[in-house]
Amino acid sequence: MFSKRKSRLGRTFRLRQLKHKQQKTVTIIKEDKWTNFREWLKREGFPKTSLTLAEFQDIGRGMMATRDIKAGEVIISVPKKFLITHISLTNLLRGQLSRCPIKLSAHQLIALYLISEYKKGIQSSIYPYINMLPKDFDNLPLNYNKELFNLLPHNVKVDVESQRAKFEHDFATINNFLKSQDIQSKITRKDYLWGWLCVNTRCIYLETNNSDDVKDRIAIAPLLDFLNHTYDAKIKGEFNNMTQCYEITTFIPYKRGDQVFINYGPHDNFFILVEYGFVIPNNPYNYVSLDKEYLEIFLPGETELARQEKLDLLLHHGFYGDYSLRISEISFRLLTALRLRVVQQFDVLTTETQGIILKWKNTITGLTEIINSQNEKLMYFYLQSICESALLKAEQALGALKVSKATHLPSSHVKLLWLESIVILHSVIKIIRDSQ
Ligand SMILES: C[S@@+](CC[C@H](N)C(=O)[O-])C[C@H]1O[C@@H](n2cnc3c(N)ncnc32)[C@H](O)[C@@H]1O
């Protein structure tokens, strides 16, 4: 059914949209493991839903509406007994584990539980659910091969490395924990990574009245965790004390056969790729980071001491790093940091420089907009130059991706990151050129 209201967009656009919609295929999943999972949920008292599992073109496995869904309807209710949390596992394992000085975080404990249940195979009491979980996480940059990893934007590499460090820390903690329990661990790094990534990609945030650390307020909610993300899904997710269920309400309607989405948060593609292993075309939260380019600016005559003093000032005033561009938008942080950076003959011991620093501080408080016209001109010159150097890097990365032998899907994700960065960089370069 299409709305009778005429769109203000042209006929060609509407036809293209229609064709686009028609071309997308959806295949309802009828595998035995899915039937077993549904039956297990029913036996255990899981409320009925109007969602079923399906394979969607370009997106993969997700949930499809089996009837029209109105705005304001609860699309899924997960009873408390199905929620896998730090508390539910502590209760479950009470009596089985000896007292141990190592306190596991929710992420560490749930990951350990999932892999332990996985290893039990059909003996596991939650086998029908475990059997539905992804078998691998090859789409996550953490698992990319070296060649593809090297082709990621710098800021993404930094985030992947910090994710890797977090995983290594959690794995070491788990090994110490198991040793303290006299458990001869047969859980390898690869095994634990599977459990850890299941939690990372599938958990929800669960508000509790307990004094848990915020990062421990997470839960795995079976069935709900088959809902995919889109930035324009409008939902509310919360624990309902009356029904004792975690409920998701949608504020937009769906037609029977549509994919039903939730919203994981206002995330850009860099974040989504690192944390979840996918990207969304035309994601409005996308940005380009120029942190590396900023630090690598070469200014003739700038001494190492002057450079360091400028960076110290930025740090002191909370303006160090996080320099971003969006479509036709330059962040205030970047403009501010550049204004300081391009100051020539910088020496904090002189009254001239102190005067300039004062004017620079005034641009932060909004007392003035610029330091002076010469500084402003130079600032835009270097802004254009770092944008052009970022553009060159993006084009080179795209060229390298073309000849790379990396698997199709992950490399197409990396390609999209670069293509979208190029669009943003062009839009900003245009603004700078037009203003000259
Ligand atoms: C909570 S799970 C959602 C269910 C998942 N698709 C499945 O089949 O188990 C999150 C994972 O789903 C995938 N995903 C979620 N939203 C997506 C989207 N818009 N496009 C592509 N993949 C998506 C990613 O692999 C992500 O790590």
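Residues numbered from 1 in each chain as written. Predicted model: local features only at pLDDT ≥ 70, side-chain atom pairs only at ≥ 80, totals over all residues. Heavy atoms only, no water.

Considering the site of the ligand
Around the ligand, the neighbouring residues are Ile 59, Arg 61, Thr 201, Arg 202, Asp 225, Phe 226, Leu 227, Asn 228, His 229, Tyr 264, Tyr 276 and Phe 278. A distance of 2.7 Å separates an oxygen atom of the ligand from a polar atom in the side chain of Arg 61. In the model, a nitrogen atom of the ligand is placed 2.8 Å from a nitrogen or oxygen of the Asn 228 side chain. Starting from 570 Å² of accessible surface for the ligand in isolation, the protein chains cover 85%. Sorting the residues of the shell around the ligand by element identifies α8 (189–202) and β7 (228–229) as the ones contributing at least two each. (Near = heavy atom within 4 Å. Polar contact = N/O pair within 3.5 Å; in protein donor to acceptor, adjacent residues only side chain to side chain. Areas by Shrake-Rupley, 256 points an atom, 1.4 Å probe, with all protein chains shown as cover. Helix = DSSP H or I, 4+ residues; strand = E, 2+ residues; numbered from the N terminus.)

Some details on the domain arrangement of the protein chain
A common way to report how large an interface is uses the accessible area buried once the components associate. Per the domain assignment, the segments making up the protein chain are domain 1 (1–83 + 224–270), domain 2 (96–220) and domain 3 (288–435). Relative placement of domain 2 and domain 3: their C-alpha centres are 37 Å apart. Facing 11 residues of domain 2, the contacting portion of domain 3 comprises 15 residues. The largest share of the area that domain 2 buries against domain 3 comes from Asn 139, Leu 148 and Leu 151, three residues that together contribute 47% of it. Taken together, domain 2 and domain 3 are joined by 0 salt bridges. Between domain 2 and domain 3 we count 1 residue pair in polar contact (both at pLDDT 80 or more) in total. Of all elements in the fold, only α6 (146–150) and α7 (154–180) reach the threshold of two or more residues within the side of domain 2 that touches domain 3. In terms of residue count, the dominant contributor to the side of domain 2 that touches domain 3 is α7 (3 residues). (Domains from an automatic or database assignment. Contact = heavy atoms within 4.5 Å. Buried area = accessible area lost by both parts, 1.4 Å probe. Salt bridge = Lys/Arg side-chain N within 4 Å of Asp/Glu carboxyl O.)

So, the sheet that holds strand β10 (residues 259–262)
Spatial strand order, β1-β2-β3-β10-β7: 5 strands in an open sheet with mixed pairing. A strand with exactly one partner marks an edge of an open sheet, and here the two such strands are β1 (26–28) and β7. As defined by bridge partners, strand β3 (residues 60–65) adjoins β10 across 2 bridges and the pair is classed as antiparallel. Its bridge partner lying in β10, Met 64 is registered against Gln 259. (Pairing = 2+ DSSP bridges.)

Quick word on the pattern of salt bridges
With the rule as written, the count across this model stands at 19 salt bridges. Of the charged contacts, one joins Glu 293 and Lys 393 as a salt bridge, the two residues approaching to 2.7 Å between their closest N and O atoms. Note that Glu 293 is positioned in helix α10 (residues 291–295) and Lys 393 in helix α14 (residues 373–403), a separation of 100 residues in sequence. Classification of Lys 393 by relative accessible area gives partly exposed; the value is 30%. As a salt-bridge pair, Glu 376 and Arg 339 come within 2.8 Å of each other at their nearest N and O atoms. (Buried < 20%, exposed > 50% of the residue type's maximum accessible area, 1.4 Å probe, protein only.)

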